[in-house]
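Inside the fold
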Amino acid sequence: MESREPTSGSSVPPRRGDDDRDWSLATQEARAGEQQPVSGAVAEPDATTVRRKPIETPRQHPPVKLFEKRARVHNQRIDGPFRRFKWGMMAVTLAIYYATPWVRWDRGPYAPDQAVLVDLANQRFYMFGIEIWPHEFYYVAGLLIMAALGLFLVTSAVGRAWCGYACPQTVWTDVFQHVDRFVDGDRNARARLDAAPWGARKLMRRTFKYAIYLVISFWTGGAWIMYFADAPTLVGDFWTGRAAPAAYITVAILTLTTFTLGGFMREQVCIYMCPWPRIQTAMMDEKSLLVTYKDWRGEPRGSVKKAERNPGKVGDCIDCLQCVAVCPTGIDIRQGPQVGCITCALCIDACDRVMASVGRPRGLIDYATLEDCAREARGEPTRSPWKALLRPRTIAYFLIWSSIGLAMLFALGVRNHIGLSVSPDRNPPFILLSDGSVRNSYTLKLRNMESRPRAMRIEIEGLPRAIMWSDTSGRDTASRAVVKAVPPDAVLAARIYVVVPAGAMTGEFRFTVTSQDEQRETASADARFDAPGDSE
């Protein structure tokens, strides 16, 4: 089999086995592709900014390695508006997480005084003045829906701002990176220490740093279990060995995961493990604000001296790599949007500082929409970021999100604080008494959702001539109403007997319960009275 030789002037060597491939045409296509614009935001086809990409020769063999070893990220310290905002968000989120279990809230003498508590033993969820019972799980579902819509709103408006500022993985990774800087020094010092052989100095630094990691991780796991029991009591029981085994197991697991994910895996979680970067692409479009490198302004790159020697032929980017050095995930934002970008905007702080030092306008890397980038590339005026946020999609997300929140607040405001459920006896369904009357037995569960005892009056609606009594009283006290005292924040099971005289009408009826206080709340439940001759 003969190999087709490339035409003269071609730098591409022949390839065995490809008789039908015209290598001169491939070379022309590669050279034409070299002249394509760097960014899709450049609207004009005759833009002067072009890729400086060498032509690759055809690959003779498949790659030997399918896995690239991780390059450890040593991000550099930076100061600027976005870094200070990130500091503020980190302080707020960590303070909320660690301090919330210790906040007290007075609910009276019969309820726990912890402001936020998931009381699994008694099946309650407390959040300040709100108490959620198991049958009200739809409130939790509403909160989850609001959280999802909030993520959709943030992503459609400002990209992965949640990932960059408030995601737990980002927050704890930031904490551990500051520990690295505190113990090992800034970027260059950490890189040198990593490359250095193991010795006494490196071993001591690593031991000290990992000890700080463990303290942070242990306190993170310990803070989590405090949401499920009274925090001061649990801490005392934990350190004296009286806590439940589940508490020790949970703290151990969360300590290990925090130590591993925040201390070592870091950006690998964001890039490879988290599904959110893949999902968010469905909610972002050309109108979303993103951290963007304006390549039509920055390319071709060159130093300040090169720009002075070639006026008008070099872009604003001086290729200082500061945007890469400060990135917590180690990406190069100049390569365009990518899954590793968490939109923390630290590269904007770094680039703005460099532009100020060389006397060039800020904004080479900036928050911008692709539409505004295209306008700016054409020399047209752009919109302010606030106008970019106010668009139909973000407004629709906000209206849906706020509507759900308002509906939940309204439901909480008007909800009933008593409840009633009825379970009839099925074996036997009825008892025929000696005087011809018929008795049915029911188990009523009276729910008192307030942190104080309440008297509740049970009445029968329907069943003319029927009377009832409870298991704590005799038939001599029978009437059409029974009063029960229900403990605070509890469910009382009451055994009720209903008797209908011989010949009286039977069938469907209703139990009604009314609180005997100033609120006079009511609840009701349907029931059926069975008698001889009734068909199923």
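Residues numbered from 1 in each chain as written. Predicted model: local features only at pLDDT ≥ 70, side-chain atom pairs only at ≥ 80, totals over all residues. Heavy atoms only, no water.

1. Considering the overall build of the protein
Each helix and strand in the protein was counted, giving 18 helices and 14 strands. For the protein, with 536 residues in total, the buried portion stands at 42%. Counted over contacts in the protein with a minimum sequence separation of 6, partners at least 24 positions apart contribute 67%. A total accessible area of about 29,700 Å² is found for the protein, and carbon and sulfur atoms account for 61% of it. (Helix = DSSP H or I, 4+ residues; strand = E, 2+ residues; numbered from the N terminus. Buried < 20%, exposed > 50% of the residue type's maximum accessible area, 1.4 Å probe, protein only. Contact = heavy atoms within 4.5 Å. Areas by Shrake-Rupley, 256 points an atom, 1.4 Å probe, with all protein chains shown as cover.)

2. Digging into the environment of R362
You can see R362 is positioned in the loop between α15 (346–357) and β5 (365–368). It is 9.6 Å that separates the C-alpha atoms of R362 and D349, two residues lying 13 residues apart in sequence. Among the polar contacts made by the side chain of R362, one reaches the side chain of D352 at a distance of 3.0 Å. (Polar contact = N/O pair within 3.5 Å; in protein donor to acceptor, adjacent residues only side chain to side chain.)

3. Here's the deal with the sheet that holds strand β3 (residues 130–132)
If you walk across this open sheet you meet the 3 strands as β1-β2-β3, and the pairing is antiparallel. Every interior strand has two partners, whereas the edge strands, β1 (116–119) and β3, have only one. Averaged over all pairs of adjacent strands, the angle between their axes in this sheet comes to 10°, without regard to strand direction. In terms of strand pairing, strand β2 (residues 124–127) meets β3 through 3 bridges, oriented antiparallel. By the bridge assignment, M127 is partnered in β3 with I130. (Pairing = 2+ DSSP bridges. Axes fitted to C-alpha atoms, helices over the stretch in contact; angles between N-to-C directions.)

4. Some details on the packing of helix α2 (residues 81–99) against α15
Two elements in contact, α2 and α15, have axes separated by 7 Å at closest approach and are oriented at 150°. Two secondary-structure elements touch here, α2 through P81, F82, R83 and K86 and α15 through L346, I348 and D349. Among the residues making up the contact of α2 with α15, the classes are represented as 4 nonpolar, no polar and 3 charged. (Nonpolar A, V, L, I, M, F, W, Y, C, P; charged D, E, K, R; others polar.)

5. Let's talk about a nonpolar patch on the surface
On the surface, a cluster of nonpolar side chains totalling about 330 Å² of accessible area is made up of V103, W105, M127 and F128. Residue position: F128 is located in the loop between β2 and β3. (Patch = residues over 30% accessible without salt bridge, like charges linked within 9 Å, V, L, I, M, F, W, Y side chains within 5 Å. Salt bridge = Lys/Arg side-chain N within 4 Å of Asp/Glu carboxyl O.)

6. Side note on the pattern of salt bridges
Within the structure shown, the criterion is met by 43 salt bridges. A salt bridge links D186 to R190; the nearest nitrogen and oxygen atoms lie 3.9 Å apart. For D186, a relative accessible area of 31% puts it in the partly exposed group. Under the relative-accessibility criterion, R190 is labelled buried at 4%. Note that E459 is salt-bridged to R457, the shortest N-O span being 3.2 Å. Through salt bridges that share partners, R72, D180, D184, D194, R206, K209 and R266 make up one connected network.

7. Points about the packing of aromatic side chains
For the coordinates displayed, the defined rule picks out 29 aromatic pairs. A centroid spacing of 6.3 Å and a plane angle of 80° characterise the contact between Y210 and F259, whose relative ring orientation is edge-to-face. Of this pair, Y210 sits in helix α7 (residues 200–225) while F259 sits in helix α9 (residues 245–265), and the two are 49 residues apart along the sequence. The exposure class of Y210 is partly exposed, given its relative accessible area of 29%. Note on F509 and F511: the rings are 5.1 Å apart at their centroids and 70° apart in plane angle, and the pair reads as edge-to-face. As far as burial versus exposure is concerned, F509 and F511 are alike and both buried. The residue whose ring lies beneath R124 is W133, and the NZ or CZ to ring-centre distance is 3.5 Å. (Phe/Tyr/Trp six-rings, centres within 6.5 Å; stacked < 30°, edge-to-face > 60°. Lys NZ or Arg CZ within 6 Å of the ring centre and 35° of its normal.)

8. Considering the side chain of T292
Looking at the secondary structure, you find T292 in strand β4 (residues 290–293). Accessibility expressed as a relative area gives 11% for T292, which makes it buried. In this structure the side chain of T292 is engaged in a polar contact, spanning 3.2 Å, whose partner is the backbone oxygen of L290. Each residue touching T292, except ones within four places of it in the same chain, is listed here: L364, I365, D366, A368 and C373.

9. Comments concerning the sheet that holds strand β9 (residues 454–461)
Strand pairing in a sheet relies on backbone hydrogen bonds, with the paired strands running either antiparallel or parallel. Spatially, 4 strands are ordered β11-β9-β13-β14 in an open sheet, and the strand pairing comes out antiparallel. Each having just a single partner strand, β11 (481–486) and β14 (522–528) make up the two edges of the open sheet. Within the sheet, the average angular offset between the axes of one strand and its neighbour, ignoring direction, is 25°. Of the pairings in the sheet, the one linking β9 to strand β13 (residues 508–515) comprises 6 bridges and is antiparallel in character.

10. A look at the nonpolar core
Counting residues in hydrophobic clusters, the biggest one holds 27 residues, and the most contacted among them are L420, Y442, V498, F511 and F529. Going through the elements one at a time, β6 (418–424), β8 (438–448), β9, β11, β12 (490–500), β13 and β14 are the ones with two or more residues in this core. Here the element with the most residues in this core is β8; it accounts for 4 residues. Other than its neighbours up to four places away in sequence, Y442 contacts V422, S423, P424, A494, R495, I496, V498, F509, F511, A527, R528 and F529. Core analysis: the next-biggest nonpolar cluster, separate from the first, contains 22 residues, Y165, C323, V354 and I365 among them. (Core = buried A, V, L, I, M, F, W, Y, C linked by side-chain atoms within 4.5 Å.)

11. Brief notes about the confidence of the model for the protein
Taken as a whole, the protein shows an average pLDDT of 85; of its residues, 87% reach a score of 70 or greater. Long-range and interchain partners of residues 25–45, a stretch whose pLDDT sits below 50, account for 32 contacts in this model, where long-range means more than four residues apart. (pLDDT = per-residue confidence, 0-100.)

12. Here we look at α9
In a regular helix each residue adds 1.5 Å, so 21 residues correspond to 30 Å; α9 covers 29 Å between its end C-alpha atoms and thus fits that length. When we look at burial in α9, the residues that qualify are A247, V251, T255, T258, F259, G262 and G263. The buried residues of α9 occupy one face: seen down the axis, they fall within an arc of 105°. Opposite the buried face of α9, by more than 90 degrees, sit the exposed residues P245, I249 and L256. Tucked into the core, α9 has its buried residues touching α5 (168–184), α7 and α8 (231–239). R266, located one to two residues past α9, shows a positive phi value of around 50°. (Expected span 1.5 Å × (residues − 1). Arc of directions from axis to C-beta.)

13. Observations concerning unusual backbone geometry
Peptide bonds are trans in most cases, and residues, glycine excluded, mostly fall at negative phi. The residue after E299, namely P300, is reached through a cis peptide bond having omega -10°. Mapped onto the fold, P300 is located in the loop between α12 (295–298) and α13 (304–309). Even without being glycine, F128 reaches a positive phi, approximately 55°. Classification of F128 as partly exposed rests on a relative accessible area of 36%.

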